[in-house]
Amino acid sequence: MKGQELQLLKEFENDSKWFHENIDKLREENFIGKFVAIKDAKPIASDKNIDLVIKSLEENGEDPSFIFIEFVHPKGFTLLL
Amino acid sequence: MKIPLEVYFFAGGMRAMAHFLIKSDDPHMFGSIEAIVDTGSPTTILGAPDLKRMRVSKLNLKNLESRKDPLAYGGGEVKVKTLNQAHLRFGEYFECVIPIQIPVDEIINCTQPTILGVDFLMLNKLSLFFYPNKREAYFESSK
């Protein structure tokens, strides 16, 4: 079980890395202002409403709990925590 | 012991980011999380998008204790509840059980990520080393 969990985390980390390295490409492809789900280094669902992204993942047999989903902010946007 | 972190340019700045698995029995919660390590935040709080990904609803949170004061979060104030037994696992490196705050107000279109705050560092006796120019960051245990 621990091995499976580590594998899930590794895949999530890899998709996170891909997202952050390809954020400009995603902006060029009209994902700005949308939540994007990434799996195996490619976008598999997107929408302005995260609920619809999650629904789409579930309909395609994915478990959203382990899928990397992030919002694509416009270039120049700064998030203050 | 060192726990490696990632350093990315994200949402306008260079950030130290952590990836971990979160588990809880009540409410049931299990999923992968990306969090911003934020030494400006006294508390650890689960992001609204991450709650949604793990399908945690308000109803699931009914047995949790409410925090008396609201937290500043996502540009406003939100009511939160405390999950006292959140099990976090940082790959092969480290695991811990800590209390985390969970927003219970419905936040429309909230994109605020999960934040690992100073409480996480204190409870686990960890120090944060962050070298943004070298794109390197890690926690180090002082236990």
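Keep in mind that what you see is a predicted model, and the values were worked out from it rather than measured.

A. A look at the overall build of chain B. The number of helices and strands found in chain B is two helices and eleven strands. N-terminal to C-terminal, the α/β element order of chain B is β-β-β-α-β-β-β-β-β-β-α-β-β. Once the C-alpha set of chain B is aligned to its principal axes, its extents read approximately 45 × 30 × 25 Å. Contacts spanning at least 24 positions in sequence make up 57% of the contacts within chain B whose residues lie at least 6 apart.

B. Representation of the environment of B:Ser57 within the structure. Residues and elements named next belong to chain B. For Ser57, the location among the structural elements is in the loop between helix 1 (48-53) and strand 4 (65-66). Judged by C-beta crowding, with 10 C-beta atoms within 10 Å, Ser57 ranks as exposed. Here the alpha-carbon distance between Ser57 and Val104, two residues 47 residues apart in the chain, equals 8.6 Å.

C. Region of interest: the sheet that holds strand 3 (residues 68-71) of chain A. Residue and element names in this part refer to chain A. The antiparallel open sheet is built from three strands, whose spatial order is 2-1-3. Taken across any chain shown, the strands that pair with only one partner, and hence form the sheet edges, are strand 2 (42-47) and strand 3. Between one strand axis and the next, the sheet turns by 25° as a mean value, whatever way the strands run. Running at roughly 30° to strand 3, helix 1 (residues 2-21) makes contact with strand 1 (35-39) and strand 3 of the sheet.

D. Fine view of the confidence of the model for chain B. For chain B, mean pLDDT is 90; residues scoring 70 or higher make up 96% of the total. Here the complex is predicted with pTM 0.93, and the ipTM for its interfaces comes to 0.93.

E. Quick peek at the interface of chain A and chain B. Contacts between chain A and chain B engage 22 residues on the former and 23 residues on the latter. Contributing elements (two or more residues each) for the side of chain A that touches chain B: helix 1, helix 3 (50-59) and strand 3 of chain A. Residue contributions to the side of chain A that touches chain B peak at eight residues, all from helix 1 of chain A. Of the residues belonging to the side of chain A that touches chain B, the class tally is 14 nonpolar, five polar and three charged.

F. Just the pairing of strand 10 (residues 126-131) of chain B, in detail. In terms of residue burial, strand 10 of chain B counts as a barely covered element, since only zero of its six residues are buried. Connecting the antiparallel pair strand 10 of chain B and strand 11 (residues 136-141) of chain B is a turn made up of four residues, with B:Arg135 showing a positive phi of about 50°.

G. Molecular detail of the environment of B:Asn63. Relative to the elements of secondary structure, B:Asn63 occurs in the loop between helix 1 and strand 4. For the pair B:Asn63 and B:Ala18, spaced 45 residues apart in sequence, the C-alpha to C-alpha distance is 28 Å.

H. Broad picture of helix 1 of chain A. Given a rise of 1.5 Å per residue, 20 residues ought to cover 28 Å, and the 28 Å separating the end C-alpha atoms of helix 1 of chain A matches this to within 8%. Turning to helix 1 of chain A, its buried residues are A:Leu9, A:Phe12, A:Asp15, A:Ser16 and A:Phe19. Seen from one end, helix 1 of chain A has its buried residues packed into an arc of 125°, which puts them on one side. In this structure, helix 1 of chain A carries A:Gly3, A:Gln7 and A:Glu21 as exposed residues pointing more than 90 degrees from its buried face. As for helix 1 of chain A, its buried residues are in contact with helix 2 (23-28), strand 1 and strand 3 of chain A together with strand 2 (13-24) and strand 3 (29-37) of chain B.

The rules behind these values
- Residues numbered from 1 in each chain as written.
- Chains lettered and ligands numbered in written order.
- Predicted model: local features only at pLDDT ≥ 70, side-chain atom pairs only at ≥ 80, totals over all residues.
- Helix = DSSP H or I, 4+ residues; strand = E, 2+ residues; numbered from the N terminus.
- Contact = placed C-beta atoms within 7 Å.
- Buried ≥ 20, exposed ≤ 12 C-beta atoms within 10 Å, placed from the backbone.
- Pairing = 2+ DSSP bridges.
- Axes fitted to C-alpha atoms, helices over the stretch in contact; angles between N-to-C directions.
- pLDDT = per-residue confidence, 0-100.
- Nonpolar A, V, L, I, M, F, W, Y, C, P; charged D, E, K, R; others polar.
- Expected span 1.5 Å × (residues − 1).
- Arc of directions from axis to C-beta.

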